[in-house]
Amino acid sequence: VQLQASGGGLVQAGGSLRLSCAASGRTFSSYLMGWFRQAPGKEREFVAGISWSGGNTYYADSVKGRFTISRDNAKNTVYLQMSSLKPEDTAVYYCAAGRRVTIVVAATYDYWGQGTQVTVSS
């Protein structure tokens, strides 16, 4: 599986962005998908995750109520809608895929996208 993340950019605090992660391959629907982020000087952290069918979603406390993860298996794409953005959301955002994962643990994912930069100005 190859993952291509896009949609990052520069936005003012309070604004919104939608990230997309397009996956190659015909088995996309069999993968759990996650979004992680990494700010300069910090470890990569879990942001959101979604089950194969999209029926179950998971969020870090820091983004709950502001971010929404979704997926379209027909388009092999997972999305991260980010609203009410804060300067502390500034990071490189990565999408990841795995079949047997602990949803919040980066090391359990099998495939990673290249990352997309999100910068939130105050």
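Residues numbered from 1 in each chain as written. Predicted model: local features only at pLDDT ≥ 70, side-chain atom pairs only at ≥ 80, totals over all residues. Heavy atoms only, no water.

Quick look at the nonpolar core
- Grouped together as the largest cluster of nonpolar side chains are 36 residues, with contacts concentrated most on Met33, Trp35, Leu80, Met82 and Tyr93.
- Looking at this core, the elements that each hand over two or more residues are β1 (3-6), β3 (17-23), β4 (32-38), β5 (45-50), β7 (67-72), β8 (77-82), β9 (91-98) and β11 (116-121).
- The greatest single-element share of this core, amounting to 5 residues, is contributed by β9. (Core = buried A, V, L, I, M, F, W, Y, C linked by side-chain atoms within 4.5 Å. Buried < 20%, exposed > 50% of the residue type's maximum accessible area, 1.4 Å probe, protein only. Helix = DSSP H or I, 4+ residues; strand = E, 2+ residues; numbered from the N terminus.)

Details of the state of the cysteines
- Inspection of every chain in the model, using the stated rule, returns 1 disulfide.
- Two residues share a disulfide in this structure: cysteine 21 and cysteine 95, whose sulfurs sit 2.1 Å from each other. Judged by the sign of its S-S torsion, about 65 degrees, the cystine formed by cysteine 21 and cysteine 95 is right-handed. Of this pair, cysteine 21 sits in strand β3 while cysteine 95 is found in strand β9, placing the two residues 74 residues apart along the sequence. Each member of the pair, cysteine 21 as well as cysteine 95, is classed as buried. (Disulfide = S-S within 2.5 Å.)

Function-wise, these values are silent; they only describe arrangement.
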